[in-house]
Amino acid sequence: MEDNLPVNVREYQELAKKALPKMAYDYINGGAEDEHTLRENIAAYTRIILRPRVLVDVSKIDMSTTLLGYTMRSPIIVAPTGGHKLAHPEGEKATARAAASCNAIMVLSFSSSCKIEDVASSCNAIRFYQLYVYKNRNVSATLVRRAESCGFKALLLTVDTPMLGRREADIRNKMVFPRSGNLEGLMTTDDHDTTNGSQLERFARATLDPSLSWKDIEWLKSITSMPIFLKGIVTAEDARRAVEAGVAGVIVSNHGARQLDYAPATIAALEEVVRAVAGAVPVLVDGGIRRGTDVFKALALGARAVMVGRPVFFGLAARGEAGARHVIEMLNGELEVAMALCGCRSVGEITRSHVMTEGDRIRSLL
Ligand SMILES: Cc1cc2nc3c(=O)[nH]c(=O)nc-3n(C[C@H](O)[C@H](O)[C@H](O)COP(=O)(O)O)c2cc1C
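If you're wondering where the values come from, they're calculated on a predicted model, not measured in any experiment. Every chain's residues receive numbers from 1 upward, in the order its sequence appears when written. Where totals are concerned, whole chains, interfaces and linings use all residues; where local detail is concerned, this predicted model gives features only for residues with pLDDT of at least 70, and gives and counts side-chain atom pairs only at 80 or more. Hydrogen atoms and water are omitted, and side-chain values are computed over all heavy atoms in the structure.

Participant: Help me out: how do you make sense of the site of the ligand in this one?
Facilitator: Close contacts around the ligand come from 25 residues, with Pro-80, Ser-109, Thr-158, Asp-286 and Gly-288 the closest. N or O atoms closer than or at 3.5 Å make up a polar contact, with two conditions inside protein: a donor-capable atom paired with an acceptor-capable one, and, for residues adjacent in sequence, both atoms drawn from side chains. In the environment of the ligand, an oxygen atom lies 3.3 Å from a nitrogen or oxygen atom belonging to the side chain of Ser-253. Asp-286 has a polar side-chain atom sitting 2.7 Å from an oxygen atom of the ligand. Across the complex, the protein chains shield 98% of the 600 Å² of accessible surface that the ligand would expose by itself. A cavity here means a set of points on a 1 Å grid, drawn over the protein atoms and nothing else, where a 1.4 Å probe fits but cannot get out; a pocket is an open set with protein on both sides within 12 Å along at least five of seven lines, and a residue lines either one if it has an atom within 4 Å of a point. Each molecule is checked against the cavity or pocket grid, and it sits inside if more than half of its atoms lie within 2 Å of the grid points. When atom positions are compared with the pocket grids, the ligand is found to occupy the largest pocket. Only DSSP runs of H or I reaching four residues or more are called helices, and only runs of E reaching two or more are called strands; each is numbered from the N terminus. For the shell around the ligand, the secondary-structure elements that each account for two or more residues are helix H2 (22–29) and helix H13 (310–342). If one sorts the elements of the shell around the ligand by residue count, H13 sits on top with three residues. Note on residue categories: nonpolar means Ala, Val, Leu, Ile, Met, Phe, Trp, Tyr, Cys or Pro, charged means Asp, Glu, Lys or Arg, and polar means any other residue, Gly included. In terms of residue class, the shell around the ligand is built from eight nonpolar, 12 polar and five charged. Nearness of a residue to a molecule or strand requires only that one of the residue's heavy atoms be within 4 Å of it. Residue exposure ignores everything except the shown protein chains as possible cover, and the areas themselves are Shrake-Rupley values with a 1.4 Å probe.

Participant: Before we go on, may I ask you to explain the layout of surface pockets in this structure?
Facilitator: Which parts of space are left empty comes out when a probe the size of a water molecule is rolled across the atoms. Grid points are joined across faces, edges and corners, and a volume is the space filled by probe spheres set on the points. By volume, the largest pocket is sized at about 750 Å³. The wall of the largest pocket is formed by 48 residues, among which Tyr-27, Gly-82, Ser-111, Tyr-132 and Phe-177 lie closest to the centre. For the lining of the largest pocket, the elements supplying multiple residues, two or more each, are H2, helix H8 (199–207), strand E11 (305–308) and H13. Broken down by element, the lining of the largest pocket gets its largest block of residues, five residues, from H8. Its boundaries defined by the atoms lining it, the second largest pocket holds a volume of some 500 Å³. Contributing to the lining of the second largest pocket are 25 residues, with Val-159, Asp-160, Thr-161, Pro-162 and Gly-232 lying nearest its centre. Of all the secondary structure elements, the ones that give two or more residues to the lining of the second largest pocket are strand E7 (155–158) and strand E8 (228–233). The class makeup of the residues in the lining of the second largest pocket is 14 nonpolar, eight polar and three charged.

Participant: Got a minute to help me understand the nonpolar core in this structure?
Facilitator: In a soluble, globular protein the nonpolar side chains are often hidden away together inside. Counting 104 residues, the largest nonpolar core has Tyr-129, Leu-270 and Met-339 as its most contacted members. The dominant element in this core, judged by the number of residues it contributes, is H13, at 14 residues. What makes two residues a contact is simply this: any of their non-hydrogen atoms within 4.5 Å. Residues within four places of Tyr-129 in sequence aside, it is in contact with Val-107, Leu-108, Ser-109, Phe-110, Ile-116, Leu-143, Ala-147, Phe-152, Ala-154, Leu-155 and Leu-156. Buried residues of nine kinds, namely Ala, Val, Leu, Ile, Met, Phe, Trp, Tyr and Cys, make up a nonpolar core once their side-chain atoms join them within 4.5 Å. Burial status follows relative accessibility: with a 1.4 Å probe on protein chains alone, a residue under 20% of its type maximum counts as buried, one over 50% as exposed, and anything between as partly exposed.

Participant: Would you mind going over the environment of Ile-223 with me for this structure?
Facilitator: Inspection of the secondary structure assignment puts Ile-223 in helix H9 (residues 216–223). Taking relative accessible area as the criterion, Ile-223 reaches 14% and is therefore assigned buried. For the pair formed by Ile-223 and Phe-110, sequence separation is 113 residues and the distance between their alpha carbons is 16 Å. Ignoring anything within four residues of it in the chain, the contact list for Ile-223 reads Ala-141, Val-144, Arg-145 and Glu-148.

Participant: Looking at this model, I keep getting lost on the packing of aromatic side chains. Mind explaining?
Facilitator: Aromatic ring pairs are described here by two measures, namely the spacing of the ring centres and the angle between the planes. Stacked, tilted and edge-to-face are the three classes assigned to paired rings of Phe, Tyr and Trp, where Trp is represented by its six-membered ring and a pair needs centres within 6.5 Å; plane angles under 30 degrees give stacked, over 60 edge-to-face, the rest tilted. Going through the model one piece at a time under the given rule, you end up with eight aromatic pairs. Seen in terms of ring centroids, Phe-110 and Tyr-129 are 6.3 Å apart; in terms of plane orientation they differ by 55°. Their pairing is tilted. Of the two residues, Phe-110 is situated in the loop between strand E5 (106–108) and helix H5 (116–122) and Tyr-129 in strand E6 (residues 127–131); the sequence distance between them amounts to 19 residues.

Here is the structure:
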């Protein structure tokens, strides 16, 4: 073991910043426009206070939970983030091995640097696939079929990205995104314009289909038998529509605050969505989770599981596969302590009464 390993996600972020070229670090770390939502995703967690219960025998803590019938060691899932070769030459293969060794589900990004087939064969694990719908539907449909035939178990359709949010650091840095191996032979990705803003933004504008709408869920169902989650729901209205559309789950997400600035912090939107869904399908949340106590808070407010994006990416940048694994292990360890100190022996014992939100405090004063 190396000496002086980081002891929390924040320290991994510092290591990643030192390890990465500025363009790569800014791409991973940055958010849209004023980065208000980026700060709020984290700050909103700090405003939720825990209500621990004591004198519970917590000598055995069981963090396991299920999703789509799969048992997970803990409710922590690796969120889909594109371009892992920016952080490490092994890219998503290293991340996949890290997740598998923690028995955590990894969601592979549509914009992964590594090929779907290479990630699938890198190790044995339950994995989900994330989808962007391109104007050329054939490209998206082909990748969905490839993921399904590689044994991916669910599809996460990202619905918050009809076009790319304005990530000003990427524009300033003239961000160049690593070519996705998955698109080889399907479309050309050449872009020789190195003078003008973010190449990623130009690529997204050329490819993403801004006409994607609710009716297309039927199209998606017609090309895959994988269960479909919608990733990027933050209102009760859309949550109800998602249930009506017959999806298998909803993910409360603002894309790590990289799309619409001034969208709500996801932990602040979670309860509204959970109420609207009313138990019909599982609700997941991502955005701003940096501590085991954040995971605990999300579960208390009704999430079945959480996804973490940047923390794993930072781990990968700092120490490769071992770093990504350590980040997941640290969050698991923190969650275990949070559960013990709150008197919860299983995730099922984490309830709404274990947290006090700002709204609760205001209501208690009225
Ligand atoms: C560097 C980076 C790349 C991302 N790429 C994708 C992507 O390809 N597809 C997608 O649906 N979401 C993508 N996301 C959003 C994540 O899936 C997730 O919603 C977000 O990272 C959660 O916030 P967190 O980073 O604070 O944990 C990306 C996020 C980051 C930080």
